[in-house]
Amino acid sequence: MAIIKHLDQCSFNRALLNPEQPGQIAIVYFSASWCQPCKNMRPIFEQLPTQLNSTAIHFGIVDIAQSPTLAPIYGIRSVPSIALFKDSRLLTVVAGEVSLQHATTKIQSALTTE
């Protein structure tokens, strides 16, 4: 099972968006500790590694209260949001509190059209 890393401003690029690894895919959950929808959505995000069944995908969580500059860099305007990156490039964002099926379908769709 994939490990979900807790990321901050320093570890974000180093851990998930390494340009030296071509084809690297990262799925990052942007949330905030004070956000109730984020708390509701977190168990759904934590199921994504099993649903997507890929050891090649890196997973991470960013708390925007602790790392406030990361979300605006990628146009994340609301939390909770799940962002899909490939080769350090943002492919899609799943914003809001959504079902596991919706999140999985949107991510798989973005990966197959890429």
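Details of the structure are given in the entry above.
Residues numbered from 1 in each chain as written. Predicted model: local features only at pLDDT ≥ 70, side-chain atom pairs only at ≥ 80, totals over all residues. Heavy atoms only, no water.

> It is not clear to me how the packing of helix 2 (residues 36-52) against helix 4 (residues 100-113) should be interpreted in this structure. Could you clarify?
To characterise two packed helices, one gives the angle between the axes of the helices and the distance between these axes. Close contact between helix 2 and helix 4 brings their axes to 10 Å; oriented N to C, the two are set at 50°. Here helix 4 runs oblique to helix 2, going by the angle between their axes. Both helix 2 and helix 4 take part in a crossing whose hand is right-handed. Along the contact surface, helix 2 presents Ile44, Gln47, Leu48, Gln51 and Leu52, while helix 4 presents Leu100, Ala103, Thr104, Ile107 and Gln108. Class assignment for the residues of the contact of helix 2 with helix 4 results in six nonpolar, four polar and no charged. (Axes fitted to C-alpha atoms, helices over the stretch in contact; angles between N-to-C directions. Helix = DSSP H or I, 4+ residues; strand = E, 2+ residues; numbered from the N terminus. Parallel < 35°, antiparallel > 145°, perpendicular 65-115°, else oblique. Left-handed = near helix turned anticlockwise from the far one by under 90°. Contact = heavy atoms within 4.5 Å. Nonpolar A, V, L, I, M, F, W, Y, C, P; charged D, E, K, R; others polar.)

> What should I look at first to understand the nonpolar core in this one?
As a rule of thumb, soluble globular proteins bury nonpolar side chains together. Counting residues in each nonpolar core, the largest one holds 36 residues, and the members touching the most others are Phe12, Ile27, Phe30, Phe45, Leu48 and Ile82. At the level of secondary structure, the elements contributing two or more residues to this core comprise strand 2 (25-31), helix 2, strand 3 (57-63), helix 3 (70-73), strand 4 (81-86) and helix 4. (Core = buried A, V, L, I, M, F, W, Y, C linked by side-chain atoms within 4.5 Å. Buried < 20%, exposed > 50% of the residue type's maximum accessible area, 1.4 Å probe, protein only.)

> Sorry if this is basic, but what is going on with the pattern of salt bridges here?
As a working rule, side chains carrying opposite charge can pair if their charged atoms are close by. One pass over the full model with this rule turns up one salt bridge. The residue Glu46 makes a salt bridge to Arg42 at a minimum N-O spacing of 2.9 Å. With Glu46 and Arg42 both in helix 2, this residue pair falls four residues apart, about one helical turn. Under the relative-accessibility criterion, Glu46 is labelled partly exposed at 34%. Residue Arg42 is classed as partly exposed on the basis of its relative accessible area, which comes to 29%. (Salt bridge = Lys/Arg side-chain N within 4 Å of Asp/Glu carboxyl O.)

> Just checking my understanding: could you explain the side chain of Ser81 for this structure?
Mapped onto the secondary structure, Ser81 falls in strand 4. Judged by its relative accessible area of 2%, Ser81 is buried. Separated by 2.6 Å, the side chain of Ser81 and the backbone oxygen of Ser78 make a polar contact. If near-sequence neighbours (up to four positions away) are discounted, Ser81 is found in contact with Val28, Tyr29, Phe30, Ile76, Val93, Val94 and Ala95. (Polar contact = N/O pair within 3.5 Å; in protein donor to acceptor, adjacent residues only side chain to side chain.)

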